[in-house]
Every structure is written in structure tokens, then in C-alpha cells.
Amino acid sequence: MSDDTIMTPDGDANPIETDYTVGQDNIQPQIGPFGMDIHNPVFLVSGLTIVAFVIFATAMPEQASTMFGWLRPAVTSTFDVVFLFAGDVFVVLALLLMISPLGKVRIGGTEATPDYSYTGWFAMLFAAGMGIGLMFFGVSEPISHYSASLAEGAGSPESWAPLAGAAGVEMEARRLAMAATIFHWGLHPWAIYAIVGLSLAIFAYNKGLPLSVRSMFYPIFGERVWGWVGHVIDTLAVFATLFGLATSLGIGAQQANAGLNFLFGIPENDISMIVLILCITGVALVSVVAGLDAGVKRLSEINMVLAALLLVFVIAVGPTMLIATGFFANLVAYAEYLPALANPFGRSDTNFSQGWTSFYWAWWISWSPFVGMFIARVSRGRSVREFIFCVLLIPSMVSVLWMTAFGGSAITMVNEGFTDIAEADMPLQLFTMLSDLPLASITSFIAIVLVIVFFVTSSDSGSLVIDTITAGGKVDAPVPQRVFWATFEGLVAIVLLLGGGLTALQAASVSTGLPFAIVLLLGCFALIKGLMSEPR
Amino acid sequence: MFKKIMLPVDLQHVDRLEKALRVGVDLARLYGCGLCLVGVTAETPTAVAHNPEEYADKLEHFASEMAESQGLPVESVAYAAHDPAVDLDKTLLAAAEETECDAIVMASHVPGLPEHFFASHGGKIASHAHVSVFVVR
């Protein structure tokens, strides 16, 4: 065959003809004894920007936190309509794609077979997609909405209650709190991940473009996507991923440290946190060097088993019947309040819709290049319908169950007089709740291990993603490169933790959600265009 | 002495393989046996091919050109790995068993400092394969 025709992958597919070859802009410098294979300028620009930001946030922590402390609410409040609207578009598009004939398109060609079993696949997408957040918000968010909804003056402009609140009505406040929490952890976040993941998978496996964020915009920008437009998109993706990971690592270390202090009296100080970050990074390093199958996948599976154990335990020793009936009651409440909660226009509960929803949407969107790319990489061989069902509907149901078990039980317990749960610091609310249940020392220990393993799985999959983007879509760049990124993440987290710039940088990474939200709306057209041209 | 000699090839860096390929061809002539080219690619698009099928096709093309120019039987087998940077050695070792080759000739670079942390592919194969391994530097 001649060199310029593209063969189709397994079975039929409709590849894109382009003169670009993967890695053509890469340079192979020799750094010390290590050979590298990196994209120029994405690697250099993103690396240098990150270093510059870290120096700024550490040298001038006050200016940085003032600036980003202003930037984050400014972005999420001013552009709340954009975020809420974008979130709704993703949900509707994902559901439409699933039921439309386009759902028959298969990632990797009509005859492609899946690379991973359902359990391995599901474990990886769940660990990368949410993991840690469920541990921390599972108890604290429902409690927070519940208290705000129940409080006097709920529904007034000063209130943080969702919608109009339910001042003084316990039953209604509970339904509203659960619906609002599930709204933030259900269809919307997973739809964002599903759309980004599906686009990347289709453009890499079916269209033959490099596995990089820029590829999904080929139908819009054409060949220009290999130029500066693509550099900007990829650099932003690296930036959002690394800062997202580093700040989570830093904040997570604080929270894990608080939990260890609560359980074992381990002192809460910088040394403990640095040791925690070093341990998490160390395990993540072993995992990335062991590779996708032997490292990342295995850890994700361990993680899923531990999470399932904890969930089953809470269901068994908590108010079992209430959780069982609550699951369906919460689903109904979610369905009932969904249109009002998802409405982007003319909201009167601005504290809630801007402070909670808009912030979450920005956060999910800024994480979407990372999670989407990771999901894309492991999803070859799935049909679009199967993909959306497993990336959107199943995880949403798991979120409902998780929130019902943890949040619903916590609300019941608070009403029964365990007010210490609501009074504890946010990171400690989960542990406080577990301590009010039987076998507290075992479950709290599992919870701490889960928190730490969830961080490891985010850190190792994140390093793989950053390495691939900064290598111009190559998944076989030299291993020392991913060691570099995993180590760099840990270092950035430590520096920011000591310098006090963590929240500033979290704000910075959430702020990258705005450009991405707009870019991803464009990406929806690209995805539809790409899918339409595929054989079904 | 040998029935079939396995030659791992990296289609992206064929220029660096010249020496190893020549050794493989010479050994095959000496013992009157065939060659088997083994390539490992990623499932994602690479510089060489847009998908594993295209890669397999290019490898086969390379093998048939070699068979013609050298007058030797040359077969080819392509493997797709989830994480080629890490899974390469494992895949090559499995390939040696599957293709029933009883010798491996492969190129490797001169070891340096990094080899203390990350074993070179040639070194790893030599220490784990059940058959004879000729590492060409």
C-alpha cells in the first residue's frame, strides 16, 4: 500500500485525511542521561507557566490569594448562565446521542472489540472521575443544604438554600437537600466527562488523529488545529490538569491529616502533610512505572472494592430500610427538582446557583480534559450507546446510592440528636458520622485508606494524561517523562502547601473552566459532525 | 541449530535497526532458517500508523520487501499494547513463545546511568526469555 492512504481500524470507520503525523512537532532532547520525546512548544510553555505560577503564589501568597480569591467568584458568578447552560447542553446531547441512531457507532470501528472487561473499565472511570469528592462531600454537602433549607429565612436573597428552601419543614428540606446534592453529582458532571471522553475517543480511534485534546476540534479548525490554536488548547488542558491534581493533592493531604489526627492523634502539621504527599506520590510513581494494566487498573479495582465495602457497611448498620426507600424517594425528588435546579436563567437563589452549582460546573469542566482523555484511552471497542450508558447513567445511579447512604443517613442521624456531625469541620464530617456508627475504628480506617488510594489513582492517571498531551499524543513516550510529571505534581503540591498558595491555585484551575466551557460547546458540534460521518 | 529467529522491529526507527537486521539475516543464512519480524504498537494513532491494522499492514509490507531483497522466508506479527512504553518487554516475551521462535536478535543502545533505574529492553528480554538472545549494540 502507498503511504498516504489511511487504513480503517477494525471493521468500517471513516478516518480523517490529514498530513499531520503524530509527534511531528516533537523534539527529542537529552536531559542528563534521560532521552525525552516531548511536544514543542506545549511541554515547554505549560512547564514554564506552571513554574512561574508556583513562584508567584509562593512568593506573594497574599496578592495571589486576593487576586484569585476575586477571580474565582467573579468567573463563576458573572458567567453562571454560561456554565449552567453548558451543563444542560451536555446532558441533553449525551442522552440524545444514546437514543439516536448515532448510538450504534462503535469506538475503534464497526468490528472493534473492547479492551477491558466491564469491571476494570468501570473501576477506572469511576476512580478517575469522582472518587475523592464523594468521600468528602458525601456527608458534608447534603448536611449543608439541609441546614440551609431548614433555616429561617431560607429562600431570601441572603440564604444559601437551593431554590426557595423549605424553612421549618423537615421532610421537604431533606428532599430538597438530597435533590440538590444529587444534581451536583449525577447526570451533569458525568455528561461533561462523557462528551469530552467520547469526542477524544472517536477522533483518536475512528478518525486516526493523535490522542490529544486538540484533535476533537479538527472539524472546526481544520489543519489549523496543529498550529497555535491547538497549542493553546493543549497547554490549557495540561495547566488545568496539573493544577487540579496538585491542589487536590494538597487539600487532600490536609484532609487526610485531619482524619488521621481525629482517629489516631497523629499531629496536624506541615511535616505530617509533607510525609503524606510524599507517600501518595511514591505509590503513584510505582503505579505509573508499572503501567496502565499492572498499575492504574489494579489500583482502581482495589479502590472500587474498598468503596463498595464501605457503602455496604453504611447501608447495613445505618438505617437500612430508610436507605432502601430513600434511594427511590431521592430519585423522585431529583427528577422533580431537576428542571428548576438546572434552569440557567433568572434564578433568585443566586448564592446557591452561583456559589455551588456554577462553581461545581466550572470545576468539573476544568477536570474534563483529564478525566475525558483517560476515559477515552480505555474505552476502545465500546459502542456510543454503551459508552454513554456506562459513563453517564450507571455512575449517576451510583452517586444517588452513595449520597442516599451517606448523606441521607447523616441527615437522619442529625435529626436523631447526633448534632456533632453537622457541627464538625467539613473534612471531618464523614469521620464523625462513622464514629457514631458501630465498628467505627475499622470503617474510619477503611475511609482513610480510600481517601489516600483515591488520590493515588488520580495522581497516576493524571500523570499518564499530562505525559500524553505534552508528548503530542504519543502514548509510548519514554517512561522517565511520566515519572517527571508525577514527581512534579507532588512537588508543586508541597510548595503550595508550605507557601500558602493552595486555594489561590485551586481558584486558578477552576477559572480555566470558563474558556473550556465555551470551547466544549463548540466541541459538541465537532462531535456530532464526527459521529454523523461514521458508519453505523 | 535454530528453526526461526525473531527480530523485534521499531518501524519508526528502522534506521537504527540496520545492524541488528543484518546480524539476523546473516544468522538465518548460516543456519538455513526463517525470520519473524515482531512489532509492538499502541492502539492509539502513532507516527507510523493511524491504527493497529494499518501498523500490521506496514509491518507485513516491510517483511515482504525484506524477504525479496534477502531471499529468505520472512514472516511478520504485529501486537497492539495498552501501554506500549511499559508493556513492550512483556509483549515481546509472549511473542517469542507464540511465534515459536528459538532465538531473538534485537538492537539495544549502550547502557548508561538510566539503566540502573529502567532496564533497557534488550537487557530485560535477555534476562527473561527462554530462548537464546543476541543483543546488538
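Residues numbered from 1 in each chain as written. Chains lettered and ligands numbered in written order. Predicted model: local features only at pLDDT ≥ 70, side-chain atom pairs only at ≥ 80, totals over all residues. Heavy atoms only, no water.

Trainee: Please give an account of the overall build of chain A that cites residues and values.
Mentor: Secondary structure summary: chain A contains 19 helices and four strands in total. Relative to the compact-globule value of 24 Å for 536 residues, chain A shows a C-alpha radius of gyration of 23 Å, a close match. Dimensions along the principal axes, computed over C-alpha positions, put chain A at roughly 75 × 50 × 40 Å. Counting over 536 residues, chain A shows a buried share of 61%. In chain A, once contacts between residues fewer than 6 apart in sequence are set aside, the share between residues at least 24 apart is 80%. Element-wise, carbon and sulfur atoms account for 69% of the exposed surface of chain A, whose accessible area totals about 18,500 Å². Where the 19 positive side-chain charges of chain A centre and where its 37 negative ones centre are 10 Å apart. (Helix = DSSP H or I, 4+ residues; strand = E, 2+ residues; numbered from the N terminus. Rg over C-alpha atoms; globule rule 2.2 N^0.38 Å. Buried < 20%, exposed > 50% of the residue type's maximum accessible area, 1.4 Å probe, protein only. Contact = heavy atoms within 4.5 Å. Areas by Shrake-Rupley, 256 points an atom, 1.4 Å probe, with all protein chains shown as cover. Lys, Arg positive; Asp, Glu negative; His and termini not counted. Charge placed at Lys NZ, Arg CZ, Asp CG, Glu CD.)

Trainee: Tell me what's going on with the side chain of A:Arg382, and back it up with residues and numbers.
Mentor: Residue and element names in this part refer to chain A. With respect to the helices and strands, Arg-382 occurs in the loop between α12 (350-377) and α13 (384-415). Classification of Arg-382 by relative accessible area gives buried; the value is 3%. At 2.5 Å, the side chain of Arg-382 and the backbone oxygen of Tyr-116 are in polar contact. The residues touching Arg-382, leaving out its near neighbours within four places in the chain, are Val-105, Arg-106, Ile-107, Pro-114, Tyr-116, Ser-117, Tyr-118 and Trp-121. (Polar contact = N/O pair within 3.5 Å; in protein donor to acceptor, adjacent residues only side chain to side chain.)

Trainee: Any chance you could break down the nonpolar core for me, citing the residues and the numbers?
Mentor: Counting residues in hydrophobic clusters, the biggest one holds 184 residues, and the most contacted among them are A:Met135, A:Leu198 and A:Phe406. Residue contributions to this core peak at 16 residues, all from α12(A). In contact with A:Phe406, other than residues within four places in its own chain, are A:Gly138, A:Val139, A:Leu310, A:Leu311, A:Val314, A:Leu430 and A:Met433. In this structure, B:Ala20, B:Leu35, B:Leu59 and B:Val136 belong to the second largest nonpolar core, which totals 27 residues. (Core = buried A, V, L, I, M, F, W, Y, C linked by side-chain atoms within 4.5 Å.)

Trainee: Could you give an account of the interface of chain A and chain B, with specific residues and numbers?
Mentor: Across the boundary between the two partners, chain A contributes 37 residues, which contact 25 residues of chain B. With both chains or domains summed, chain A and chain B bury close to 2,500 Å², and 59% of this area falls on carbon and sulfur atoms. Here chain A and chain B share two salt bridges between them. Notably, a salt bridge pairs A:Arg482 with B:Asp83, separated by 2.7 Å at the nearest N-O pair. On the surface where chain A and chain B come into contact, there are five residue pairs in polar contact (both at pLDDT 80 or more). For the side of chain A that touches chain B, the secondary structure elements donating two or more residues are α7 (187-206), α10 (270-317) and α17 (479-499) of chain A. For the side of chain A that touches chain B, the element with the most residues is α10(A), which contributes six residues. Split by residue class, the side of chain A that touches chain B holds 22 nonpolar, six polar and nine charged. (Buried area = accessible area lost by both parts, 1.4 Å probe. Salt bridge = Lys/Arg side-chain N within 4 Å of Asp/Glu carboxyl O. Nonpolar A, V, L, I, M, F, W, Y, C, P; charged D, E, K, R; others polar.)

Trainee: Tell me about the confidence of the model for chain B, and name the residues and values.
Mentor: Residues and elements named next belong to chain B. Across chain B, the average pLDDT comes to 88, with 92% of residues at 70 or higher. Of all helices and strands in chain B, the one with the weakest mean pLDDT is helix α4 (residues 121-128) (86), whereas strand β1 (residues 4-8) scores best (94). Here the prediction assigns the complex a pTM of 0.90, and the interface score ipTM is 0.86. (pLDDT = per-residue confidence, 0-100.)

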